Amino acid sequence: MTSIVLKPWGSYEVLQIAKKYTLKRLIVKSGCNLSLQNHEHRSEHWVVVQGKAEVKVNEKKSLLEANEYIYIPLQAKHQLSNNYKEDLIVIEVWFGDILDENDITRYED
């Protein structure tokens, strides 16, 4: 059984941990965003399953809706935002040799 971790922007739940990947479900509340950040040791894939996501990867901005996804390359600066009324639910997959919550550099909070 996994536990839900509450954050100022919503919550996340770790669904599966393996040697080379971690699978999480993020719930981003309306009007909230995660910090602008990057990772030295992992890439990420985000799949939107509910709501609309505004995504920034380096200097490129995208709008993703349910059943759409984006790849976040290793070391890319990225940010996930929910500027809509409905909660945003994203499945996040980490890939890498080191999968650690501390592998994060924040640029804006």
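Throughout, residues of each chain are indexed from 1 in the direction in which the sequence is written. Under the rules for a predicted model, residues below a pLDDT of 70 receive no local features and side-chain atom pairs below 80 are neither given nor counted, while totals for whole chains, interfaces and linings still include all residues. In computing side-chain properties, one takes all heavy atoms of the structure into account and sets aside hydrogens as well as water.

## Considering the packing of aromatic side chains
Part 1 of the argument: Any two of the Phe, Tyr and Trp rings considered here, Trp counted by its six-membered ring, make a pair once their centres fall within 6.5 Å; the pair's planes then place it as stacked at under 30 degrees, edge-to-face at over 60, or tilted in between. Evaluated as defined, the whole model comprises one aromatic pair.
Part 2 of the argument: Each ring, one from Tyr-21 and one from Phe-95, has its centre 6.3 Å from the other, and the planes form 40 degrees; the classification is tilted. Placement of Tyr-21 in strand 3 (residues 21–28) and of Phe-95 in strand 11 (residues 88–96) is noted, with a sequence separation of 74 residues between them.
Part 3 of the argument: Over the ring of Trp-94 we find Arg-42, and its NZ or CZ is 3.5 Å from the ring centre.
Part 4 of the argument: Any Lys NZ or Arg CZ found within 6 Å of a ring centre and within 35 degrees of that ring's normal is scored as a charge over the ring. A cation over a ring is seen here: Lys-77 above Tyr-107, with NZ or CZ 4.0 Å from the ring centre. Only DSSP runs of H or I with at least four residues qualify as helices, and only runs of E with at least two residues qualify as strands; both kinds are numbered from the N terminus onward.

## Brief notes about the layout of surface pockets
Part 1 of the argument: A pocket here means an open set of points on a 1 Å grid, computed over the protein atoms alone, that has protein on both sides within 12 Å along at least five of seven lines. A cavity is instead a set of points where a 1.4 Å probe fits but cannot get out; residues with an atom within 4 Å of a point line either one. Grid points are joined across faces, edges and corners, and a volume is the space filled by probe spheres set on the points. By volume, the largest pocket amounts to about 430 Å³.
Part 2 of the argument: Lining the largest pocket are 23 residues, and of these Trp-9, Leu-34, Gln-37, Ile-104 and Arg-106 lie nearest its centre.
Part 3 of the argument: For the lining of the largest pocket, the secondary structure elements donating two or more residues are strand 3, strand 6 (42–50), strand 10 (78–82) and strand 11.
Part 4 of the argument: Residue polarity is assigned by list, with Asp, Glu, Lys and Arg as charged and Ala, Val, Leu, Ile, Met, Phe, Trp, Tyr, Cys and Pro as nonpolar; anything else, Gly included, falls into the polar class. Of the residues assigned to the lining of the largest pocket, the class counts are nine nonpolar, six polar and eight charged.

## Concerning the environment of Asn-38
Part 1 of the argument: Summarising the element assignment, Asn-38 is placed in strand 5 (residues 36–38).
Part 2 of the argument: When a residue's accessible area, from a 1.4 Å probe over protein chains only, is under 20% of the maximum for its type it is buried; when over 50% it is exposed; and in between it is partly exposed. When its relative accessible area of 5% is taken as the criterion, Asn-38 is described as buried.
Part 3 of the argument: What Asn-38 contacts, discounting residues up to four positions off in sequence, is Gln-75, Ala-76, Lys-77, His-78, Asp-103, Ile-104, Thr-105 and Tyr-107.
Part 4 of the argument: Polar contacts here mean pairs of N or O atoms no more than 3.5 Å apart (in protein, one a potential hydrogen donor and the other a potential acceptor; neighbouring residues in sequence count only if both atoms are side-chain atoms). A polar contact of 3.2 Å, which involves the side chain of Asn-38, links it to the backbone oxygen of Gln-75. Contacts are assigned to residue pairs that have any heavy atoms within 4.5 Å of one another.

## Section: the nonpolar core
Part 1 of the argument: Counting 18 residues, the largest nonpolar core has Val-55 and Leu-80 as the members making the most contacts within it.
Part 2 of the argument: Only strand 3, strand 6, strand 7 (52–57), strand 9 (69–72) and strand 11 provide two or more residues apiece to this core.
Part 3 of the argument: Broken down by element, this core gets its largest block of residues, three residues, from strand 7. Definition of nonpolar core: a set of buried residues of the types Ala, Val, Leu, Ile, Met, Phe, Trp, Tyr and Cys, connected through side-chain atoms within 4.5 Å.

## Some thoughts on the pairing of strand 11
Part 1 of the argument: Counting buried residues along strand 11, seven of its nine residues qualify, which places the element largely inside the surrounding structure.
Part 2 of the argument: Here eight bridges tie strand 3 to strand 11, and the two strands are oriented antiparallel to one another. Looking at the pairing, Arg-25 lines up with Ile-91 of strand 11.
Part 3 of the argument: A pair of strands is labelled paired if DSSP reports no fewer than 2 bridges between them. As judged from the eight bridges shared by strand 6 and strand 11, these two strands associate in the antiparallel manner.

Purely geometric numbers; function is a separate question.
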